[in-house]
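# Structural overview
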Amino acid sequence: MVRFENVAMRYGEGSDVLKDASFSLAPGSFHFLTGPSGAGKSTLLRLIYLALRPTSGKIFLFDQDVATIERAALPPIRRRIGVVFQEFRLLDHLSALDNVALPLRIAGTPEPTVQEFVIDLLKWVGLEDQINAHPATLSGGQQQRVAIARAVINQPSLLLADEPTGNVDDAMAVRLLSLFEELNRLGTTVLIASHNEALIERSGYPTLTLDGGKIRLTPATQRRAS
Amino acid sequence: MRRGSPIPLAADGSGRFLPWLIALMAFLAILSTGAAFAVQAALDRWDRGLTATLTVELPAPAEAPMPSDRVDAVLAALRATPGITAATPLDRRAAEHLLQPWFGRVVDMSDLPLPTLIDVHLMPNAVLDRDALEARLDAIVPGSSVERRGAWLEAVFRVARLIEASAVIMVVLVGSVAIAAVIFTTRTGLALHADIIRLLHLIGATDRFIAGQFQWHAFRLALGGGLIGLLMSLMVYGGLRIAIEQVRMIDLAGPTDGLRLPIIALVAVICLPLFMALVGLVTARVTVLRTLARMP
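Residues numbered from 1 in each chain as written. Chains lettered and ligands numbered in written order. Predicted model: local features only at pLDDT ≥ 70, side-chain atom pairs only at ≥ 80, totals over all residues. Heavy atoms only, no water.

To continue, consider the overall build of chain B. Helices and strands together make up the secondary structure of chain B, namely nine helices and four strands. Reading the helices (α) and strands (β) of chain B from amino to carboxyl end gives α-β-α-β-α-β-α-β-α-α-α-α-α. A total of 296 residues make up chain B; the buried ones form 39% of that total. Counting contacts in chain B only where the partners sit at least 6 residues apart, residues at least 24 apart contribute 81% of the total. Here chain B displays about 16,800 Å² of accessible surface, and carbon together with sulfur accounts for 66% of that area. (Helix = DSSP H or I, 4+ residues; strand = E, 2+ residues; numbered from the N terminus. Buried < 20%, exposed > 50% of the residue type's maximum accessible area, 1.4 Å probe, protein only. Contact = heavy atoms within 4.5 Å. Areas by Shrake-Rupley, 256 points an atom, 1.4 Å probe, with all protein chains shown as cover.)

Our focus in this paragraph is the environment of Arg-53 of chain A. Residue and element names in this part refer to chain A. Relative to the assigned elements, Arg-53 resides in the loop between helix H1 (41–48) and strand S4 (56–61). Spatially, the C-alpha atom of Arg-53 lies 8.1 Å from that of Met-9, the residues being 44 residues apart in sequence. The contacts of Arg-53, once residues within four sequence positions are left out, are Met-9, Leu-47, Val-66, Ala-67, Ile-69 and Leu-74. A distance of 2.8 Å separates a polar atom in the side chain of Arg-53 from the backbone oxygen of Val-66. (Polar contact = N/O pair within 3.5 Å; in protein donor to acceptor, adjacent residues only side chain to side chain.)

Bringing the sheet that holds strand S1 (residues 53–58) of chain B into the picture now. All names here are of chain B. Taken together, the four strands give an open sheet; going across it, the order is S2-S3-S1-S4, and neighbouring strands pair in antiparallel fashion. Strands at the two margins of the open sheet, each flanked by one partner only, are strand S2 (84–89) and strand S4 (145–146). Pairing analysis gives six bridges linking S1 to strand S3 (residues 116–122), with the strands arranged antiparallel. Note on S3: the bridge partner recorded for Glu-57 is Leu-117. Those strands touched by helix H2 (residues 68–79) are S1, S2 and S3, and its axis lies near 165° from that of S2. (Pairing = 2+ DSSP bridges. Axes fitted to C-alpha atoms, helices over the stretch in contact; angles between N-to-C directions.)

Counting from both sides, the interface comprises 20 residues of chain A and, opposite them, 25 residues of chain B. Between chain A and chain B lies a buried interface of about 1,900 Å² when both sides are counted; carbon and sulfur atoms form 64% of it. Summed over the shared surface of chain A and chain B, the number is one salt bridge. Here Asp-207 of chain B ties to Arg-71 of chain A by a salt bridge, and the two come within 2.5 Å at their closest N and O atoms. Applying the counting criterion to the chain A and chain B interface returns five residue pairs in polar contact (both at pLDDT 80 or more). Broken down by secondary-structure element, the contributors of at least two residues to the side of chain A that touches chain B are helix H2 (74–78), helix H3 (96–106) and helix H4 (111–124) of chain A. Counting residues per element, the side of chain A that touches chain B draws most heavily on H3 of chain A, which supplies five residues. Across the side of chain A that touches chain B, the residue classes break down as nine nonpolar, three polar and eight charged. (Buried area = accessible area lost by both parts, 1.4 Å probe. Salt bridge = Lys/Arg side-chain N within 4 Å of Asp/Glu carboxyl O. Nonpolar A, V, L, I, M, F, W, Y, C, P; charged D, E, K, R; others polar.)

In this section: the environment of Trp-46 of chain B. Examined against the element boundaries, Trp-46 of chain B turns out to sit in helix H1 (residues 18–52). Expressed as a C-alpha distance, the spacing of Trp-46 of chain B and Leu-153 of chain B, which sit 107 residues apart in the sequence, is 9.3 Å.

For any two helices packed against each other, the geometry is given by the interaxial angle and the distance between the axes. Residues and elements named next belong to chain A. Axis separation between helix H5 (residues 140–152) and helix H6 (residues 170–185) bottoms out at 12 Å; the angle between their running directions is 5°. Judged on the interaxial angle alone, H6 and H5 are roughly parallel. The segment H5 lies against H6, with Arg-145, Ile-148 and Val-152 engaging Met-172, Leu-176, Leu-179, Phe-180 and Leu-183. Tallied by class, the residues present in the contact of H5 with H6 amount to seven nonpolar, no polar and one charged. (Parallel < 35°, antiparallel > 145°, perpendicular 65-115°, else oblique.)

Quick look at the domain arrangement of chain A now. Residue and element names in this part refer to chain A. Segmentation of chain A into domains returns domain 1 (1–80 + 156–226) and domain 2 (91–155). Summarising the inter-unit geometry, the C-alpha centres of domain 1 and domain 2 are found 24 Å apart. Listed per partner, the contact involves 17 residues of domain 1 and 14 residues of domain 2. Of the roughly 1,300 Å² buried at the junction of domain 1 and domain 2 (both faces included), carbon and sulfur atoms supply 67%. Of all residues in domain 1, Arg-79, Pro-156 and Leu-179 give up the largest surface area on contact with domain 2, accounting jointly for 39% of the area buried on that side. Here domain 1 and domain 2 share zero salt bridges between them. (Domains from an automatic or database assignment.)

It is worth spelling out the domain arrangement of chain B at this point. Each assigned domain of chain B is listed here: domain 1 (9–48 + 152–294) and domain 2 (60–143). For domain 1 of chain B and domain 2 of chain B, the distance between their C-alpha centroids amounts to 50 Å.

A few words now on the sheet that holds strand S6 (residues 81–84) of chain A. What holds strands together in a sheet is hydrogen bonding between their backbones, with the strands either parallel or antiparallel. Residues and elements named next belong to chain A. Taken in spatial order, the six strands of this open sheet run S6-S7-S8-S3-S9-S10, and their pairing is mixed. Single-partner strands in this sheet number two, and they are S6 and strand S10 (214–218). If you compare each strand with its neighbour and ignore which way they point, the axes differ by 15° on average. Judged from the five bridges that link them, strand S9 (residues 207–211) and S10 form a sheet pairing that is antiparallel.

Each regular strand displays side chains that alternate between the two surfaces of the sheet. As defined by bridge partners, S1 of chain B adjoins S4 of chain B across two bridges and the pair is classed as antiparallel. Each residue of the ladder has a partner; that of Val-56 of chain B, found in S4 of chain B, is Val-146 of chain B.

Looking now at the confidence of the model for chain B. All names here are of chain B. Scored by pLDDT, chain B comes out at a mean of 84, with 90% of its residues at no less than 70. Per-element confidence in chain B ranges from a low mean pLDDT of 53 for helix H8 (residues 255–259) to a high of 94 for helix H6 (residues 194–202). With pLDDT under 50 throughout, residues 252–256 is counted as low confidence; its partners more than four residues away or in other chains account for seven contacts. We note a pTM of 0.74 for the whole complex and an ipTM of 0.88 for its interfaces. (pLDDT = per-residue confidence, 0-100.)

This part covers the pairing of strand S2 (residues 16–25) of chain A. Residues and elements named next belong to chain A. Both strand S1 (residues 2–10) and S2 contribute to a ladder of six bridges, which runs antiparallel. Bridge assignment links Arg-3 to a residue of S2, and that residue is Ser-24. Where S1 hands over to S2, the hairpin turn is made up of five residues, of which Gly-12 adopts a positive phi near 60°.

Another point: the packing of H3 of chain A against H5 of chain A. Residue and element names in this part refer to chain A. At a closest axis distance of 7 Å, the pairing of H3 and H5 adopts a crossing angle of 25°. For the element pair H3 / H5, the angle class is roughly parallel. Here H3 and H5 pass one another in a crossing that is right-handed. When H3 is examined against H5, the residues Ala-96, Asn-99, Val-100 and Pro-103 are found in contact with a partner set consisting of Val-146, Ala-149 and Arg-150. Across the contact of H3 with H5, the residue classes break down as five nonpolar, one polar and one charged. (Left-handed = near helix turned anticlockwise from the far one by under 90°.)

Right under this line is the structure:
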C-alpha cells in the first residue's frame, strides 16, 4: 500500500526532516505514527498524500512510484486517500454537510446518495444537530469531527489522520478510534499521527516512531510485551 | 437544500466590477454593430434606388411655364432611349414638397419658377451614355441636365465602408478588453482562493472541476453585464428614434429608415450578451487550466 525506500526530506536549505526513512504499510494494516513535536510526522503524512515530493529516495503508493505519476493522474489516486488535517482545513463558507459532501461531489456521486451518506455519517459522529452549521460556529472538537467525516466519507483505501483526537474528550476519542477501526475492518489502511500515548497503548496497534529524522517500527506484539 | 459552491467566488469581490465593464463593452459593441448594419442597410436601399433611377432636370423658363409640348418631346426622347423603362414628370406639388425642407412652410412657393423634374426608371444593369442623352435633351430644351450621382455616391460608399471597418475594429477592441478583464478577474480569484484550490486538489479535484467553478461564475457575470449593455443600447436606440421622429426628419424618408435594423442585425444584437457570456466562460476556463497546469 505504502512503501518508503531511503526517503530523505529537507525544506529549502534547512536540515533533513527525514533521513534515510524506510518502512512499509501493508494493505489493511493499522498503524500509529508518533514522535516528539517537530519530529516530522506531518511532513511524512504530506509525503504520503502527495502534497510534497521527497528530496531523495523513493515512495511507492498503491504499487506506483510516485515520482513517475503524471500530474493528470494524481486526482484518482488522491481520491483513494482520506486525510484528516491537523488544522482541519474546513471551508468556512460551507455548512458541515457541504464540507463533508465535498469528496463525493468531486467524485461525481449523485446528489441524493451524497445527502444520504453525509447525513448518516454526521449522525454517527454526533453532529446531527449541526448539519447546516458553518465551521465558525462549531467548537474545535466539532470541527475535528467534521474533518474526520470528510476524510472517511468516500471509504478511502488509505486513511491518514494528523492528531485526529487532539481536540476531543476521551469518550469521543474512543468513539472516533472505533470509526477508524471499522473502516480498517472494511479494508482501509490506516495511519494515525498522535500524541495520545494512552490511546496508542490501549489500542495495541504497531507504531512508527519518528525521532531525529529516523523512523522506527514497534510491532504490536513487541509493544504489548514491553 | 441549497448546495454551496466550494470556491466562494461570488462573495470575494474580485468580480464586482466585471459585469459593469462587460456592460460598457457590450453597449459599445452593440452600438457599433448596429451602426454598421444600419449604414449597410441604408446604402443597400440607396444603391438599389439610385442605380435603377435617375432624374432629368429641365430648367425653369424665365417668364412663362414650360410649354407642355417641349416636356412631351423630352419624355418621348427618354422613352425611346434603350435601357429606359419609364419616364414620369413630377407634378408641381411633388416638386414643392421636395423643396419644402429648404424653404420651410412660411414661404409661398406657388410663384417661384421651379424646374421640371422627370423621374426616369432604368432596366436593371442598364448601361446608359448619359452625355449623349444629355446632349439630345439639351437640343430639345436648352440647359437640360441628367443627374450625375457616380462621384458623390462613390464617396458615400467609401465613408460607409470606413464606418463598417471602424465597427469591426471597435468590436475587436471591445472583445479584447472584455477578455482581458475576465483573465484578470479569474487570476485574482485564483490567487485569492489558492488555499482552497490546494485543498480541493488534495481531496481529489481535477483541474477541470476547479475550472468549472470559475467558468460558470464568469458566465453569470458576463451574461449579467451583457444584458445590462443590451438594455442601455436599446434605450439609446429608442431615444434616437424618438428624437428623429420629433424633428420630423421622417419626411425625408431616409434617416429613420436607416435606423431600422435588418433581422440578422437584431438577432446578432440580442444574442450578443449570450455570446459575451460564452466568451467569458471559455476565457475563464482556459485561464484556470493554463494556470493550474503550471502548478506542481
